[in-house]
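Spelled out from the first residue to the last, the chains are:
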Number of protein chains: 4
Amino acid sequence: MIKDGERILLMSEDGDEFITVVKDGEKFVTHLGGVEFEKIMKLDFGDFVETSKGERLYILKPTIVEEILNLKRKTQIVYPKDLGYILLKLDVKPGDRVIDVGIGSGVVSFAMARIVGEKGKVYAYEKREDFIERAKENLRNWGVIDLVEIKHKDLSEGVDEKEIDAFFLDVPKPWLYIDKVWEALKGGGRFAAVVPTTNQVQEVLNALKDSHFKKIEVVENLFRFYKPVPQRLRPYDRMVAHTAYMIFAVKVYQ
Amino acid sequence: MIKDGERILLMSEDGDEFITVVKDGEKFVTHLGGVEFEKIMKLDFGDFVETSKGERLYILKPTIVEEILNLKRKTQIVYPKDLGYILLKLDVKPGDRVIDVGIGSGVVSFAMARIVGEKGKVYAYEKREDFIERAKENLRNWGVIDLVEIKHKDLSEGVDEKEIDAFFLDVPKPWLYIDKVWEALKGGGRFAAVVPTTNQVQEVLNALKDSHFKKIEVVENLFRFYKPVPQRLRPYDRMVAHTAYMIFAVKVYQ
Amino acid sequence: MIKDGERILLMSEDGDEFITVVKDGEKFVTHLGGVEFEKIMKLDFGDFVETSKGERLYILKPTIVEEILNLKRKTQIVYPKDLGYILLKLDVKPGDRVIDVGIGSGVVSFAMARIVGEKGKVYAYEKREDFIERAKENLRNWGVIDLVEIKHKDLSEGVDEKEIDAFFLDVPKPWLYIDKVWEALKGGGRFAAVVPTTNQVQEVLNALKDSHFKKIEVVENLFRFYKPVPQRLRPYDRMVAHTAYMIFAVKVYQ
Amino acid sequence: MIKDGERILLMSEDGDEFITVVKDGEKFVTHLGGVEFEKIMKLDFGDFVETSKGERLYILKPTIVEEILNLKRKTQIVYPKDLGYILLKLDVKPGDRVIDVGIGSGVVSFAMARIVGEKGKVYAYEKREDFIERAKENLRNWGVIDLVEIKHKDLSEGVDEKEIDAFFLDVPKPWLYIDKVWEALKGGGRFAAVVPTTNQVQEVLNALKDSHFKKIEVVENLFRFYKPVPQRLRPYDRMVAHTAYMIFAVKVYQ
């Protein structure tokens, strides 16, 4: 049974998605009609309710991908297509101490926090206060606020932590901070950055070569979705052509 | 300091990689020369040793990506480029109970186990005994053997578990088992399958439409690596064109 | 000097494009303002005119790519990204006798006609009269109407020509006509088809294997455009993910 | 009937291809066995001969794509996947006067010459004498030597022609010659260049913006071939990830 206060995703037959929180006594309203939360609280995940307009809404527990794609401000987020690979490359695992700069909407911190768990820690740096507020709200909604230590601080002021397992860098000029990243990481610690332009990739590569980083990799990915029609299987007409170039490296001593 | 029994990755300046286990008193030998483990045990991760032939080997802790790519038998593995996204789509998180069929080299079970942790469980089905032996050895090496319950069983005999959070299916004819997947999943539970051919995608889509699955998605991704040379930034000449189509869905009630 | 009756393309600073024909005494009007053709007739290609709203319009001779992309009805056209490769694969050259079925907007017939020239011939089959009318108008505008023999005929009724150099097939069920294609082609003659779905590719491949065709190839291409900004070089956010699968083969005797 | 002196392509059942010239009285020998040209001269295109080892060789007339892909030195060629689109974008048509720099193997000059025909002309610049010799031999083999005027000259010395319809530039530092290109082109004339690295794209874009060029486009394409097996349709495992970035522009007056 769905409980009061539970975070749920309502999905229509046409694929519209709404993430909300169950509030006993209140009503959920969209252009597809309204539905009382009371009604939802008599159901389980996987069930559907009908709205006042007769539309079916399936009740799902939102996944991390759904949380990301349903964020109101989607600018400056790391997309699931990139995020999954970054988490693997950074080898984020329970107990790890990791850094996420800048926090943006909190998407990367969320994904990391969920994995490192209570024995680990995510340190998130952000210089813009409005971003911090937004990220805090998101992390609270996602239930990981206690696993993330948010710092209102510009990376140029340095990093407080040492012996960090993995460092994720998503700032406009990442090449300026490669030395700070190196100092914060432990030996063999993993680094990842995302940048949108080839010029930025070139700058980061230059900075990495001046530091003691090895195993420098640059990669981009193209995700292509197909219309799920068995008799006419084909890609959708259009796709995302570009989000970011991903850059990876590992800290070594020389 | 690197300890006796520790699993390490040795990486040469040219990018050769060797995963091995530190054995005090013994020696590690490759075409790049030999090195005593004793020497390694005086160093830390990120340091390098020199082999008898004067080659530098950096000592790293192998990441999950490196473990996968350094497997001796690379056939029938799920590649990191797909795996990262699958884990996000399946929303694998601490405490989840998930199913992985067939286990193959154990790559997916490893990735899942590490995240679900001790409060969760991975149930892995496999009908081929030789695969089970290989997967067990890998999972032992990767330190997650206790988090995975391996079952020597064909999926056609049914699934023992109920109320499963996520189901990953990587078998030659996945469309034959869509009903078993549905039964094992809890309401709102997530499904993922990988298949190499378009014909198989068509079959799976047909089977999913006959079942109560929603939010059916088919996607493939193209990863393109760049030569990390800042003055001549360009993709490598060749790339992997195809590993598998990924198919996702969610169980609902009707 | 631009002449009366000349076909021109007017391009704004923002990249808006308009293809029109110079009509002395008349006026060209768009949302960017109006301009008298008289004014244009005092200029040369590469010059610009200013509209009544002060907008610059550069005067260009439309290329085949611009003609295609500025067609009003863009459905059922072969896109330049595919067309260029098809012409090469079919080895269309001066003097060739080639077939184009169905003619659609006439884009492929145009491209072929321009190359085969007066010593060659394009035979275009089309069963829909409205398509024929549209194609005729386009081919007249493009100045190649005399090089194309249009036949109002369904391919199932057979092909009148023999010893054809190259055959282009763009119909909903191309697999039904593979034997007609084989009969029309000369030995070593080249075949190309485009189909949007994987199911259709499978059908065509089956039909080709039943016929005496060799060197069967299936290919798709992904064109990715970049923002032409030197300091921030990166792909555009979105791209065309799919137009058609191209299938090629050569007729042999057995 | 295949004639003495005819240029033919012999293709084995396994897809091996050999381009050769029929020499009456002589023999064609490969690892698949030998075959007398006399035997071939009794056959037609599309027929097959059997070699001394019992291997079938189909006799085909080589297409431009086959000529390119069967060149011995494949470095520094423009690949068919790019060439087809470039020809369309440059709007090469009968009667055009076009420039190709540097000539390399002669592939682009070949493709252009065949289309512009006797009423047009291809001017090909090349500073390396060894390239000129190779290109001449190729163009002679391809039957278009009389349509191409080859100049042993560095572009920095300037271009002799004026009012050129289209200019193709494939040199290591194309940005150095953008002003020469502009001078040679007629108003509205089309420009295309290919460069392998992002840095070169950036340089060319800078140079184009300093000149009077408009409609600047940068594009790359990814060609993906499929295994032509109807019951297991899927892309080949590996593909070409990169050949070159294509840059296009049009000359205007300001």
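Reference entry: report on the structure contained in this document.

Rules of the game
Residues numbered from 1 in each chain as written. Chains lettered and ligands numbered in written order. Predicted model: local features only at pLDDT ≥ 70, side-chain atom pairs only at ≥ 80, totals over all residues. Heavy atoms only, no water. Phe/Tyr/Trp six-rings, centres within 6.5 Å; stacked < 30°, edge-to-face > 60°. Helix = DSSP H or I, 4+ residues; strand = E, 2+ residues; numbered from the N terminus. Buried < 20%, exposed > 50% of the residue type's maximum accessible area, 1.4 Å probe, protein only. Lys NZ or Arg CZ within 6 Å of the ring centre and 35° of its normal. Pairing = 2+ DSSP bridges. Least-squares fit on C-alpha atoms with pLDDT ≥ 70 in both. Contact = heavy atoms within 4.5 Å.

## Concerning the packing of aromatic side chains
All names here are of chain A.
Here is step 1 of the chain: A complete count under the given rule lists 36 aromatic pairs over all chains for this structure.
Here is step 2 of the chain: A ring pair is formed by Y85 and F248, whose centres lie 5.7 Å apart and whose planes are at 75 degrees; its orientation type is edge-to-face. You can see Y85 sitting in helix α3 (residues 80-89) and its partner F248 sitting in strand β15 (residues 245-251), a full 163 residues away along the chain. Taken as a pair, Y85 and F248 share a single burial class, namely buried.
Here is step 3 of the chain: Put simply, the rings of F18, F28 and F37 touch in pairs and so form one group of aromatic residues.
Here is step 4 of the chain: One residue, R134, lies across the ring of F131, its end atom 4.9 Å from the ring centre.

## Side note on the pairing of strand β3 (residues 27-30) of chain A
All names here are of chain A.
Here is step 1 of the chain: The alternating pattern of β3 places F28 and T30 on a buried face and K27 and V29 on a face that is not buried.
Here is step 2 of the chain: With four bridges joining them, β3 and strand β4 (residues 33-36) adopt antiparallel strand pairing. Bridged to V29 within β4 is G34.
Here is step 3 of the chain: The hairpin turn running from β3 into β4, its antiparallel successor, is two residues long.

## Focus: the relation of the copies chain D and chain C
Here is step 1 of the chain: Expressed as a screw transformation, the operator carrying chain D onto chain C has a rotation angle of 180 degrees and an axial translation of 0.0 Å, and the superposed copies differ by an RMSD of 0.0 Å. In the structure described here, the two chain copies are related by an operation that fits a two-fold rotation axis. Looking at the rotation axis and the C-alpha trace of chain D, the residue lying nearest is G84(D), at 2.0 Å.
Here is step 2 of the chain: Comparing contact sets, 100% of the residues at the interface of chain D also lie at the interface in chain C, consistent with an isologous, same-surface contact.

## A word on helix α3 (residues 80-89) of chain B
Residue and element names in this part refer to chain B.
Here is step 1 of the chain: Most of α3 sits out of view: 10 of its 10 residues are buried.
Here is step 2 of the chain: Buried residues of α3: P80, K81, D82, L83, G84, Y85, I86, L87, L88 and K89, and no others.
Here is step 3 of the chain: Where α3 ends, the next residue or the one after it, D91, has phi of about 55 degrees, a positive value.

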